[in-house]
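# Fold and contact review
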Amino acid sequence: MNEMHTHLTACAAEARRVARAVTVEQLGEPSVCTDWTVRELANHLVLYSAHGLEHRALRTQLPEETVQRDFAGEDGWAEAYAAQLDRALAAWERPEAWEGEIDMVGSAMPAPEIAAMLVEELALHGWDLARSTGQDFTLPEETAVFLLGVVERYAEMYRQYEGFAAVVDVPNDAPALDRALAISGRNPKA
């Protein structure tokens, strides 16, 4: 198994843990993501970091009914998310998942770059869900360092599409996860 799959697995484990601790009462509360409730954030996380992760590996489109689904409105949504993450990680265990290019919103990118962006999706929105529900979010240092590199590489592109806010100031010697969060416009101390 390659190093990037290890990072996907680490981020998935932490996102899975966070999702399992979200209470029904918290779903209607505001999230740290502007204009999203915790429920909307959870739905985004499930859709793109689990279903999207699998569909990218398989080179298939997300079905419209999946895109429209209210995952967090279903009983046992966090366990279903955990199971979907397992399927997605299994899809990325196939050597052919790492070959060639994958369509990303009408533009083809090398499969490993798509996987790197999915590490970012899992980590950043996993952190968002954790913060929104009063939880911590931690990653192994080597995964945090990898995430920092991905965030640095794509920060300006994400800002163009309003996916990232302005950089938050943190000390240069802050932990890698804090620096990645700050570059993405998230305040790691909020």
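Structure report, in brief. (Residues numbered from 1 in each chain as written. Predicted model: local features only at pLDDT ≥ 70, side-chain atom pairs only at ≥ 80, totals over all residues. Heavy atoms only, no water.)

### Remarks on the overall build of the protein
Looking only at helices and strands, one finds 7 helices and 2 strands in the protein. Start at the N end of the protein and walk to the C end: the helices and strands fall as α-α-α-α-β-β-α-α-α. The globule rule puts the C-alpha radius of gyration for 190 residues at 16 Å, and the 16 Å found for the protein is close to it. Taken along its principal axes, the extent of the C-alpha atoms in the protein is 40 × 40 × 30 Å. A burial count over the protein gives 51% of its 190 residues as buried. Restricting to contacts in the protein with at least 6 residues of sequence separation, those with at least 24 account for 69%. (Helix = DSSP H or I, 4+ residues; strand = E, 2+ residues; numbered from the N terminus. Rg over C-alpha atoms; globule rule 2.2 N^0.38 Å. Buried < 20%, exposed > 50% of the residue type's maximum accessible area, 1.4 Å probe, protein only. Contact = heavy atoms within 4.5 Å.)

### Concerning the nonpolar core
With 63 residues, the main nonpolar core has Leu8, Trp77, Tyr81, Trp92, Leu122 and Leu129 as its most contacted residues. Going through the elements one at a time, helix H1 (3-20), helix H2 (38-58), helix H4 (77-92), helix H5 (111-132), helix H6 (141-160) and helix H7 (176-183) are the ones with two or more residues in this core. Element by element, the count of residues in this core is highest for H5, at 13 residues. Beyond its immediate stretch of four places on either side in the chain, Trp92 contacts His5, Leu8, Leu53, Arg56, Ala57, Ala97, Trp98, Ile102, Ala111, Ala115 and Leu118. (Core = buried A, V, L, I, M, F, W, Y, C linked by side-chain atoms within 4.5 Å.)

### Observations concerning the packing of aromatic side chains
One pass over the full model with this rule turns up 2 aromatic pairs. Between Tyr158 and Phe164, the ring centres sit 4.6 Å apart and the planes meet at 15°, which makes this aromatic pair stacked. Exposure class is identical for Tyr158 and Phe164. Each is buried. (Phe/Tyr/Trp six-rings, centres within 6.5 Å; stacked < 30°, edge-to-face > 60°.)

### Here's the deal with the side chain of Asp178
One can find Asp178 in helix H7. In this structure the side chain of Asp178 is engaged in a polar contact, spanning 3.1 Å, whose partner is the side chain of Lys189. (Polar contact = N/O pair within 3.5 Å; in protein donor to acceptor, adjacent residues only side chain to side chain.)

### Some points on the state of the cysteines
Counted according to the given criterion, the structure contains 0 disulfides. As a non-bridged cysteine, Cys33 has Cys11 as the owner of its nearest cysteine sulfur, 16 Å distant. With a relative accessible area of 15%, Cys33 lands in the buried category. (Disulfide = S-S within 2.5 Å.)

### What to know about unusual backbone geometry
At Asp35, a residue that is not glycine, the phi angle is positive and equals roughly 70°. Note that Asp35 resides in the loop between H1 and H2. For Asp35, a relative accessible area of 72% puts it in the exposed group. In this structure, Arg59 is a non-glycine residue whose phi angle is positive, near 65°. Residue placement: Arg59 occurs in the loop between H2 and helix H3 (64-67).

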